[in-house]
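# Residue-level structural notes
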Amino acid sequence: MALILAFFIFIIDWTGLTNSVRYAHINAPHKLLLVGLSTKNFNKAFYQKCPQKGHFCLALCLLTPWDISGCLCNFLLAILLEMVKIIPMNKGLKIALLLLSSVGVSGQASADWRESVGNLWDEAGEVGRDWGEKGKEWGKEAWDKATDEWDKAKKRWDSFDLNYELMQAFGGDVDEQSALIGRFYDLKQPLVQGAKPLLRSAVVQKIREFDGKEWDQRVFSAYYSPDVRLYAPYFYLPRCKAAYGPEAFQCNTDDSKRRVAPSAWVVVYRGVVTAPETGFFRFAGMGDDTIMVRFDNKLVLEAGWSIPSKGDMVLGTKESYRQELITPKHKRAFYQYKETPHWNSVIGGIATGEVFKVKKGEKYPIEILVSEIPGNEFGFCLLMEKVKSPGTAPRGIFKPGESPELRLFRTNDSLPDFSLIEKALTSGDTDFRVKGFMEGPPFSDKSPVWKVDYEEAQEQGIFDAIFGYFRDDDTAMGKRKRK
């Protein structure tokens, strides 16, 4: 019968069981009926015995008659008592006792329960508010720190974005599809015993040695070279400050092993290109201080202030030198453009090189050197001209308006955007501007692509020259045979 009654109570309201059990730990006579269950003395245990004396005590939550989950809790406890056989009483007495307890003090217990819950809620709210204030402080500190880091990152990104086109002039640090690979050397910083720091004319002599030894990379391997390699699809950097060279090769970042000043450095690019068409061509270019091109293992262009093959740091600025080159013996030309007034007046404009012949689809090794010596202004460009034959190639000094539009030498579909380069040079925190007109020659936007063949370059040992040091390696670039 007792079981049927308890089940009926459970069906009426079962949702308050959790609250009943949760409330069962409060030890106050007006709130709870303390039932001390002892096999020795039940009467004394009632309202007296406490858990700390080792007796088995159960604190029973007594709720209002309408909150009948308390009755369910009592019923479950009665069954528990019967199971463990703690006291000898029949089931009806046990259930009656528990039901009585629920009616006797249920009203007060229910009110106190609500009050207790309210107090706990207020305390939780107070704690929440305290944590909220602390959270605001911590959040503000974290936000300020994040804002500072964001500003720094944005500043770095803006600097990169502004100078992205300039980086592309030297090459990107991500492997471009079809690009020549460049390596930077600081000739002021020797790495091995016996090597000396090089400045001014000594740099010219070292480049001359490099050319005389068939562009053997070991000539420069005694000097500091950063780990960065840049991949250049074209060579076009208008007049700017020489400090941009080390900057492009990430020589002066926080992670750099050494700092590099803007003087006495060289960059060597290497690769193997596929001729896009058959015919006679010649390179045309300018380098401040010098640009040299070696095509199919032969020096075919040397232009700029310095002419290293002659061992002269300023030979390119001399009128007598230019007059010699435009004779029928050499058949060279100097192209001047309105966009290059400074280069026109100092070195005669864009100089052409020797004529060479290529066959469409054939592969040819190519190496390009650019260098800055005193550390002031810098710039370079590399264009191409197709001619009918070596004997009919134009020669002379061509004034602005007379000079042809030349092709840009490029290894993929990329083209330099002059307006973005100009913006990069004249905007942002990093300032690579020079006084006067920022100049660079015009070129055809339909220039053919001389695609790079990486597999052929690897077979010819070019990758070893780009990424290796060759201090003890006998397989130098200069040892390979010419085709």
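In case you missed it, the structure is sitting above this.
In this report, the structure presented in the accompanying data block is examined. (Residues numbered from 1 in each chain as written. Predicted model: local features only at pLDDT ≥ 70, side-chain atom pairs only at ≥ 80, totals over all residues. Heavy atoms only, no water.)

## Quick look at the overall build of the chain
- For the chain, the helix and strand inventory stands at 14 helices and 18 strands.
- In the chain, the proportion of contacts linking residues at least 24 apart, taken out of those at least 6 apart, comes to 77%. (Helix = DSSP H or I, 4+ residues; strand = E, 2+ residues; numbered from the N terminus. Contact = heavy atoms within 4.5 Å.)

## As for the environment of Pro-341
- Among the secondary structure elements, Pro-341 is positioned in helix α11 (residues 341-347).
- Judged by its relative accessible area of 38%, Pro-341 falls in the partly exposed class.
- When the C-alpha atoms of Pro-341 and Pro-441 are compared, they prove to be 9.9 Å apart, with 100 residues separating the residues in sequence. (Buried < 20%, exposed > 50% of the residue type's maximum accessible area, 1.4 Å probe, protein only.)

## A word on the layout of surface pockets
- Roughly 280 Å³ of internal volume is contained in the second largest pocket.
- Around the second largest pocket sit 14 residues that line it, and Glu-302, Ser-309, Lys-310, Arg-332 and Glu-354 are the ones nearest its centre.
- If one sorts the elements of the lining of the second largest pocket by residue count, strand β10 (residues 298-304) sits on top with 5 residues.
- Broken down by class, the residue content of the lining of the second largest pocket amounts to 6 nonpolar, 2 polar and 6 charged. (1 Å grid on protein atoms, 1.4 Å probe; cavity = no way out; pocket = protein on both sides within 12 Å on 5 of 7 lines; lining within 4 Å. Points joined across faces, edges and corners; volume = space filled by probe spheres on them. Nonpolar A, V, L, I, M, F, W, Y, C, P; charged D, E, K, R; others polar.)

## Side note on the nonpolar core
- Counting residues in hydrophobic clusters, the biggest one holds 50 residues, and the most contacted among them are Phe-170, Phe-283, Phe-295, Ile-368 and Phe-409.
- In contact with Phe-295, other than residues within four places in its own chain, are Val-273, Phe-283, Val-300, Phe-356, Val-358, Tyr-364, Pro-365, Ile-366 and Trp-450.
- Core analysis: the next-biggest nonpolar cluster, separate from the first, contains 19 residues, Ile-207, Phe-220, Ala-264 and Leu-369 among them. (Core = buried A, V, L, I, M, F, W, Y, C linked by side-chain atoms within 4.5 Å.)

## Describing the pairing of strand β7 (residues 265-274)
- Most of β7 sits out of view: 10 of its 10 residues are buried.
- Neither face of β7 is open: one carries Trp-265, Val-267, Tyr-269, Gly-271 and Val-273, the other Val-266, Val-268, Arg-270, Val-272 and Thr-274, and all of them are buried.
- Bridge count for strand β3 (residues 180-190) against β7 is 6 bridges, and the pairing is antiparallel. Each residue of the ladder has a partner; that of Asp-186, found in β7, is Trp-265.
- The pairing of β7 with strand β14 (residues 363-372) spans 10 bridges and is classified as antiparallel. By the bridge assignment for β14, Gly-271 is matched with Ile-366. (Pairing = 2+ DSSP bridges.)

## Some words on the packing of aromatic side chains
- In total, this model carries 19 aromatic pairs according to the counting rule given.
- Summarising the aromatic geometry, the rings of Phe-210 and Phe-220 are spaced 4.5 Å apart at their centres and angled 25° between planes, so their arrangement reads as stacked. Residue Phe-210 is located in helix α8 (residues 201-212), and its partner Phe-220 is located in the loop between α8 and β4 (223-224); the two are separated by 10 residues in the primary sequence.
- We classify Phe-220 as buried; its relative accessible area is 0%.
- Taking 6.4 Å as the distance between ring centres and 50° as the angle between the ring planes, the aromatic pair formed by Phe-409 and Trp-450 counts as tilted. One end of the pair, Phe-409, is in the loop between β17 (407-408) and α12 (418-426); the other, Trp-450, is in the loop between α12 and β18 (451-452), with 41 residues separating them in the sequence. Accessibility classification places Phe-409 together with Trp-450 in one group, the buried group.
- The rings of Phe-281, Phe-283, Phe-295, Phe-356, Tyr-364, Phe-409 and Trp-450 are connected pair by pair, giving a single aromatic cluster. (Phe/Tyr/Trp six-rings, centres within 6.5 Å; stacked < 30°, edge-to-face > 60°.)

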